[in-house]
Amino acid sequence: MGENANEVPQEEEEDQIVNPFQVTVKKGEKIDYDKLIDKFGCQRLDPSFVERVERVTSRPPHVFLRRGVFFAHRDFNEILDAYERGENFYLYTGRGPSSEALHLGHLVPFMFTKYLQDAFKVPLVIQLTDDEKCMWKNLSVEESQRLARENAKDIIACGFDVTRTFIFSDFDYVGGAFYKNMVKVAKCVTFNKVVGIFGFTPEDHIGKISFPPVQAVPSFPSSFPHLFSGKDDLRCLIPCAIDQDPYFRMTRDVAPRIGYQKPALIESSFFPALQGETGKMSASDPNSAIYVTDSAKDIKKKVNNHAFSGGQDSIEKHRELGANLEVDIPFKYLTFFLDDDDEVEHIRKEYGSGRMLTGEVKQKLIQVLTELVERHRKARAAVTEEMVDVFMAVRPLPNMFG
């Protein structure tokens, strides 16, 4: 069957469910990423990849790579092999616009994709699945389109190179060569297979069942004739969170049957909710996440009041036993966003031994997050409607490679 595209055993699903629409684990448990790797059939991104990326790009690896935030892959080694042979590739990632403001978990794949674009000097397509959110979130077509444009401003604020980046909304772009590829994919995927991969039920409307090809085909360069005409063999690398893997297992299973290269993936763990690592952040609970629209006061309040601590109940006990860093959210957030490896290691030792208190770690996190959100807010304020129009215009990219 290839790509482990079949239904997973029921007993595994009961432990944890991870797919593009649902991420849940048993109460009190964390997501078992080793089990996910086994279940999905992807590979662990070991330290040799980090060293290799540094060597081929001649720049320090991103903090998300160094710290194992991006921890799994499919064929990333083949992308690096091709790149070292002088062959180009392109990047593809996306965003489902279901809310006006992004939280930090939404920013993680874009921050990493920006690094990849800069490091490898390659083009990037960013899909805004406004059609998907219209079908899943019961939003009107018009509201989905409005949110897509607002989200595009946050994405542009991450600093992407306009001469190498095409952002598109499905409602605006689907048609022509893109639609032809969707039909080719759709003909190769049976109803039973799509139920097995995504868990659709007879109660789901047919829009949901027909959507997966829409997210599949940006993996194929021929879907973008204005960018990649005559480059049908160009490889695609997709940075994404691991809950998106089912879409691309399906895509990789189908690609050789319709004459295309399999896309490669590099996959991240979830940015945990403030309340703890039992899944990903919930847009329905504003206290579960730090948003890019939060004020310094909001950030301080959320971290102090809601960030789950691995510290002990009393100072005496904490000094004796130290913090449980496996469950401590303030420390976990610092491993994402505090770039200084020496400082992170210092906090790990001092906090883990009990010499540093939870309040001190939270204070450091508040500082780091406030600076990050303020930088983003300033960058977003500088994004004009005209800039959005340029990024979303169907146009050749003048500086695609090198």
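Residues numbered from 1 in each chain as written. Predicted model: local features only at pLDDT ≥ 70, side-chain atom pairs only at ≥ 80, totals over all residues. Heavy atoms only, no water.

Trainee: Sorry, what's going on with the pairing of strand β8 (residues 235–241) here?
Mentor: If a strand is regular, its side chains alternate between the two faces of the sheet. In terms of residue burial, β8 counts as a mostly covered element, since 7 of its 7 residues are buried. The side-chain alternation of β8 yields two buried faces, one formed by Arg 235, Leu 237, Pro 239 and Ala 241 and the other by Cys 236, Ile 238 and Cys 240. Where strand β5 (residues 89–95) meets β8, 3 bridges bridge the pair, whose relative direction is parallel. If you follow Phe 89 over to β8, its bridge partner there is Arg 235. The sheet contact formed by β8 and strand β9 (residues 264–268) spans 5 bridges and is parallel. In the sheet register, Leu 237 faces β9, and the bridge partner there is Ala 264. With respect to chirality, the unit in which β8 leads through helix α15 (residues 245–254) into the neighbouring parallel β9 is right-handed. (Buried < 20%, exposed > 50% of the residue type's maximum accessible area, 1.4 Å probe, protein only. Helix = DSSP H or I, 4+ residues; strand = E, 2+ residues; numbered from the N terminus. Pairing = 2+ DSSP bridges. Right-handed = clockwise from strand over helix to strand, strands pointing away.)

Trainee: Sorry if this is basic, but what is going on with the packing of aromatic side chains here?
Mentor: For any two aromatic rings, the description comes down to two numbers: the centre-to-centre distance and the angle of the planes. Across all of its chains, the model carries 38 aromatic pairs by this definition. Here the aromatic rings of Tyr 83 and Phe 89 are separated by 6.0 Å at their centres, their planes lie at 70 degrees, and the arrangement is edge-to-face. Since its relative accessible area comes to 21%, Tyr 83 is described here as partly exposed. Ring centres 4.5 Å apart and planes at 25 degrees place the aromatic pair Phe 220 and Tyr 260 in the stacked group. (Phe/Tyr/Trp six-rings, centres within 6.5 Å; stacked < 30°, edge-to-face > 60°.)

Trainee: Is there a simple way to think about unusual backbone geometry in this case?
Mentor: Residues other than glycine predominantly adopt negative phi, and peptide bonds predominantly adopt the trans conformation. Despite not being glycine, Ser 58 has its phi angle at roughly 55 degrees, a positive value. Residue placement: Ser 58 occurs in the loop between α3 (47–57) and α4 (63–66). By relative accessible area, which is 68% here, Ser 58 ends up exposed. Of note, the phi angle at Lys 121 is positive, near 55 degrees, even though the residue is not glycine.

Trainee: What am I meant to see in the pattern of salt bridges here?
Mentor: Pairing is possible between side chains that carry opposite charge, provided their charged atoms lie close to one another. Scanning all chains against the criterion turns up 30 salt bridges. Arg 252 is the partner of Asp 75 in a salt bridge, and the nearest nitrogen-oxygen pair spans 3.0 Å. Separated by 177 residues along the polypeptide, Asp 75 in the loop between β4 (70–74) and α5 (76–84) and Arg 252 in helix α15 bring together distant segments of the chain. For the pair shown, Asp 75 and Arg 252 are each scored as buried. Each of Arg 149, Glu 150, Lys 153, Asp 154, Arg 380, Glu 385 and Asp 389 takes part in a single network of salt bridges with overlapping partners. (Salt bridge = Lys/Arg side-chain N within 4 Å of Asp/Glu carboxyl O.)

Trainee: Explain helix α6 (residues 104–120) to me, please; I cannot follow it from the model alone.
Mentor: An α-helical turn contains 3.6 residues, so a residue and the one three or four places further along point in the same direction. In this model α6 runs 24 Å from its N-terminal to its C-terminal C-alpha over 17 residues, within 8% of the 24 Å that 1.5 Å per residue would give. Positioned one or two residues after α6, Lys 121 has a phi angle of 55 degrees, which is positive. (Expected span 1.5 Å × (residues − 1).)

Trainee: For this particular structure, what's the right way to read the environment of Ser 99?
Mentor: Assignment of secondary structure puts Ser 99 in the loop between β5 and α6. Accessibility expressed as a relative area gives 16% for Ser 99, which makes it buried. Distance in space between the C-alpha atoms of Ser 99 and Lys 133 is 9.7 Å, their sequence separation being 34 residues. Setting aside its immediate chain neighbours within four residues, Ser 99 contacts His 106, Leu 147 and Asn 151. One polar contact links the side chain of Ser 99 to the main-chain carbonyl oxygen of Ala 101, over a distance of 3.0 Å. (Contact = heavy atoms within 4.5 Å. Polar contact = N/O pair within 3.5 Å; in protein donor to acceptor, adjacent residues only side chain to side chain.)

Trainee: Would you take a moment to explain the sheet that holds strand β3 (residues 43–44) for this structure?
Mentor: Whether parallel or antiparallel, the strands of a sheet pair through hydrogen bonds between backbone atoms. Taken in spatial order, the 7 strands make up an open sheet running β3-β4-β9-β8-β5-β6-β7, and their pairing is mixed. The two strands at the open ends of the sheet, each matched to only one other strand, are β3 and β7 (165–169). On top of the sheet, α15 reaches β4, β5, β8 and β9; it is set at about 165 degrees to β9, its chief contact. (Axes fitted to C-alpha atoms, helices over the stretch in contact; angles between N-to-C directions.)

Trainee: What is the right way to look at the packing of helix α19 (residues 341–353) against helix α20 (residues 358–381) in this model?
Mentor: When two helices pack together, their arrangement is given by the angle between the helix axes and the distance between those axes. Viewed as axis vectors pointing N to C, α19 and α20 meet at an angle of 160 degrees, and their least axial separation amounts to 11 Å. Classified by the angle their axes make, α19 and α20 are roughly antiparallel. In this structure, α19 meets α20 at a crossing whose hand is left-handed. Contacts from Glu 343, Ile 347 and Tyr 351 in α19 reach Thr 358, Val 361 and Lys 364 in α20. Taken together, the residues of the contact of α19 with α20 sort by class into 3 nonpolar, 1 polar and 2 charged. (Parallel < 35°, antiparallel > 145°, perpendicular 65-115°, else oblique. Left-handed = near helix turned anticlockwise from the far one by under 90°. Nonpolar A, V, L, I, M, F, W, Y, C, P; charged D, E, K, R; others polar.)

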